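Observations on the three-dimensional arrangement
Residue-level listing of the chains:
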Amino acid sequence: MRAVCVREPGGVEVLEMREVPEPVPGPGEIRVAVKASAVNRADLLQRRGQYPAPPDSPQDIPGLEFAGEVEICGPNSKRFKPGDRVMGIVGGGGYAEKLVIHERAAVRVPAGLNWAQAASIPEAFFTAFDALMLQAELKPGERLLIHAAGSGVGTAAIQLAKLISATVVGTARSADKLERAKVLGLDAGLVVSGPKFADAAKRQVGGAGFDVILDLVGGDYLEDNIRALAPLGRSIVVGLVAGSTAPLSLGLLLAKRLTLRGTALRTRPIEEKISVAQAFERQVVPHFESGRLKPVLDAAIPMAEVRSAHERMEANATFGKLALVW
């Protein structure tokens, strides 16, 4: 089978198409003929040698999500049959024509979506659902601040929060992205060029502060996140594009009784990944079929043009997801 591989750590030129052995499904696993994948920041880091894949995943084939057809069912695999349309998150290997995944970690593709749309769902919506609903326990009517609101996870989080009638404020580096996010339900947007945003963000919700912050930026955003939270607020750190270290005001953390949590899906044990996938299928997939949720697709790009897709993401020129289609 063909796969996009990383020849060595470096720029987009190290991505190359190769012939590699087909994976063989084990007990409880399915092999999927991948129709589309999508680009994530983690792929860029892996390409640069800064974010290795988990030990049980291909080390030189990027790709954290996929949509495709079940091709072969391994021993004792009974949940799907050949030809079923599935999608999901993997530790790596999404840029290949075929991959294996545990059948309980795969999710059926919502009816009415094409392959590029389906491949734009897993990493963004699974992550947003897990962070906001399962970990932060966002409640109806609460105030939510989303950094990088125009990103894949950001656009997913806006939609999920509006399902339960939360008030959603977003930050981004361009007014255009915020205007586009308002179509998804964003209540107010704030253009930011650095880590000082707390006062302006709080003014968007009457000065009360936020019950939950979804931080897809990290780094020195931490200080103003603490300032922007309301008492008993929860901040969930998902992304570190601005860096992995920052000073922390422990006084405010204690005085406000705040919760600060980091999260990542890629490195979790398989049973935890399965738990998220199954909760997502029960609670979220029906909303795609009803039309209340929509994958936000910036562009569908042929897998052979993966280098240009990485360049587009590195330029921060995307709104929503970049799909890679075989």
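In this report, the structure presented in the accompanying data block is examined. The model shown is predicted, which means the values in this text are computed figures rather than measured ones. (Residues numbered from 1 in each chain as written. Predicted model: local features only at pLDDT ≥ 70, side-chain atom pairs only at ≥ 80, totals over all residues. Heavy atoms only, no water.)

**Notes on the overall build of the protein chain**
Broken down by element type, the protein chain carries 11 helices and 15 strands. By its C-alpha atoms, the protein chain is 55 × 40 × 35 Å across when sized along the principal axes. Counting across all 326 residues of the protein chain, residues that qualify as buried make up 56%. For the protein chain, the accessible surface area stands at approximately 13400 Å², while carbon and sulfur atoms represent 52% of it. (Helix = DSSP H or I, 4+ residues; strand = E, 2+ residues; numbered from the N terminus. Buried < 20%, exposed > 50% of the residue type's maximum accessible area, 1.4 Å probe, protein only. Areas by Shrake-Rupley, 256 points an atom, 1.4 Å probe, with all protein chains shown as cover.)

**Re the packing of aromatic side chains**
Evaluated as defined, the whole model comprises 5 aromatic pairs. Centroid distance F126 to F280: 4.4 Å. Interplanar angle 45 degrees. Geometry classified as tilted. With F126 in helix α3 (residues 122-135) and F280 in helix α9 (residues 270-283), this pair connects stretches of sequence that are 154 residues apart. Across this residue pair, the class does not change: F126 and F280 are buried. Their ring planes at 45 degrees and their centres at 5.2 Å tell us that F197 and Y221 sit as a pair that is tilted. Of this pair, F197 sits in the loop between β10 (188-191) and α6 (198-203) while Y221 sits in the loop between β11 (210-215) and α7 (222-228), placing them 24 residues apart in sequence. Residue classification places F197 among the buried residues on the basis of a relative accessible area of 2%. Linked through ring pairs, F125, F126, F129, F280 and F288 together constitute an aromatic cluster. Positioned above the aromatic ring of W115, the side-chain terminus of R85 is 4.4 Å from the ring centre. Just above the ring of Y51 sits the side chain of R266; from NZ or CZ to the centre is 4.6 Å. (Phe/Tyr/Trp six-rings, centres within 6.5 Å; stacked < 30°, edge-to-face > 60°. Lys NZ or Arg CZ within 6 Å of the ring centre and 35° of its normal.)

**Points about a nonpolar patch on the surface**
Together, L248, L250, L254 and L260 line one region of the surface with nonpolar side chains, adding up to about 370 Å² of accessible area. Note that L248 resides in the loop between β12 (229-237) and α8 (250-255). (Patch = residues over 30% accessible without salt bridge, like charges linked within 9 Å, V, L, I, M, F, W, Y side chains within 5 Å. Salt bridge = Lys/Arg side-chain N within 4 Å of Asp/Glu carboxyl O.)

**So, the pattern of salt bridges**
By the definition in use, this model includes 24 salt bridges. As a salt-bridge pair, E71 and R31 come within 2.7 Å of each other at their nearest N and O atoms. A residue pair is termed long-range when its members are at least 10 positions apart, and E71 in strand β4 (residues 65-73) and R31 in strand β3 (residues 29-38) qualify at 40 residues. A relative accessible area of 28% means that E71 is categorised as partly exposed. Overall, the relative accessible area of 9% leaves R31 in the buried class.

**Focus on the packing of α3 against helix α4 (residues 152-163)**
Contact geometry for α3 and α4: axes closest at 8 Å, N-to-C directions at 55 degrees. Classified by the angle their axes make, α3 and α4 are oblique. The chirality of how α3 crosses α4 is right-handed. Contacts from E123, A124, F125, T127, A128, F129, L132 and M133 of α3 reach α4 at G152, V153, A156, A157, Q159, L160 and A161. Tallied by class, residues from the contact of α3 with α4 come to 11 nonpolar, 3 polar and 1 charged. (Axes fitted to C-alpha atoms, helices over the stretch in contact; angles between N-to-C directions. Parallel < 35°, antiparallel > 145°, perpendicular 65-115°, else oblique. Left-handed = near helix turned anticlockwise from the far one by under 90°. Contact = heavy atoms within 4.5 Å. Nonpolar A, V, L, I, M, F, W, Y, C, P; charged D, E, K, R; others polar.)

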